[in-house]
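Descriptive analysis of the structure
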Amino acid sequence: MMKPRIINSEAILIVGLKADLTFLTNAKGTGDLARQFMPKRNQILNRVSTEKFSIQIYQDFNYNKMSPKTIYQKWVGIEVSSFENIPKGLEVLTIKAGKYAVFNYQGKPEGFLQAWQYVHTNWLPTSEYKLDNRPHFEKLPEDYHPLNTLVEEEIWVPIK
């Protein structure tokens, strides 16, 4: 059973790449974004850390109404201290300040979906919190790779 930390986050400035994906196209689409972004990340001079962000922006998140064809905006990027000197071809995103439930996930990459489902079908409905309409994201360590046999990441779920 995963227990979250509740964090009041300041606004987070992201530089990266985005694409519209569905749950069906997520694996390939995210991989494509990462392969395009990773060679450019070292050109970003005002990075806050080496963590990578995998961000999902949903039109109107409702777990019970989602389907494999639900479209959302996917971002792959890193946090920066400002939007100055952004390398050509990269885009910017501001994740508004707010409260997040942060879950630590450790396990096989293919187990992530089960953890994500647990958060939305077990933890959230029985918690004192409601989902907020802000980006959902994962923070990934510098050495994260989906082909690793074990991964570690943080799942950030916007709450109010």
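Located above this text is the structure these notes cover.
Here is a short report on the structure shown in this document. (Residues numbered from 1 in each chain as written. Predicted model: local features only at pLDDT ≥ 70, side-chain atom pairs only at ≥ 80, totals over all residues. Heavy atoms only, no water.)

Comments concerning the overall build of the protein
Each helix and strand in the protein was counted, giving two helices and eight strands. Seen through its principal axes, the protein has C-alpha atoms that stretch 45 × 30 × 30 Å. For the protein, contacts bridging at least 24 residues in sequence account for 80% of all contacts bridging at least 6. Computing the positive centroid from 20 side-chain charges and the negative centroid from 17, the protein places the two 4 Å apart. (Helix = DSSP H or I, 4+ residues; strand = E, 2+ residues; numbered from the N terminus. Contact = heavy atoms within 4.5 Å. Lys, Arg positive; Asp, Glu negative; His and termini not counted. Charge placed at Lys NZ, Arg CZ, Asp CG, Glu CD.)

Quick look at the sheet that holds strand 8 (residues 151–159)
Read from one edge to the other, the open sheet built from eight strands follows the order 1-6-8-7-3-4-2-5, with strand pairing classed as antiparallel. Of all the strands in the sheet, the pair left with one neighbour each is strand 1 (5–9) and strand 5 (91–95). On average, each strand axis in the sheet is inclined to that of its neighbour by 35°, with strand direction left out of account. Bridging between strand 2 (residues 12–22) and strand 4 (residues 71–80) involves ten bridges; their strand directions are antiparallel. Bridge pairing links leucine 17 to valine 76 in strand 4. Its contacts with the sheet place helix 1 (residues 26–37) against strand 2 and strand 4, and it is angled at close to 140° to strand 2. Along the sheet, helix 2 (residues 112–126) contacts strand 1, strand 3 (52–58), strand 6 (98–107), strand 7 (136–140) and strand 8; its crossing angle with strand 8, the most-contacted strand, is approximately 30°. (Pairing = 2+ DSSP bridges. Axes fitted to C-alpha atoms, helices over the stretch in contact; angles between N-to-C directions.)

Describing the pattern of salt bridges
For the coordinates displayed, the defined rule picks out seven salt bridges. Where arginine 41 meets glutamate 142, a salt bridge forms, and the shortest distance between an N and an O atom there is 2.9 Å. Within this pair, whereas arginine 41 is found in the loop between helix 1 and strand 3, its partner glutamate 142 is found in the loop between strand 7 and strand 8, the two being separated by 101 residues in sequence. Look at glutamate 142 and you get partly exposed, because its relative accessible area is 35%. Notably, a salt bridge pairs aspartate 132 with arginine 134, separated by 2.9 Å at the nearest N-O pair. Assessed through its relative accessible area of 23%, aspartate 132 is described here as partly exposed. (Salt bridge = Lys/Arg side-chain N within 4 Å of Asp/Glu carboxyl O. Buried < 20%, exposed > 50% of the residue type's maximum accessible area, 1.4 Å probe, protein only.)

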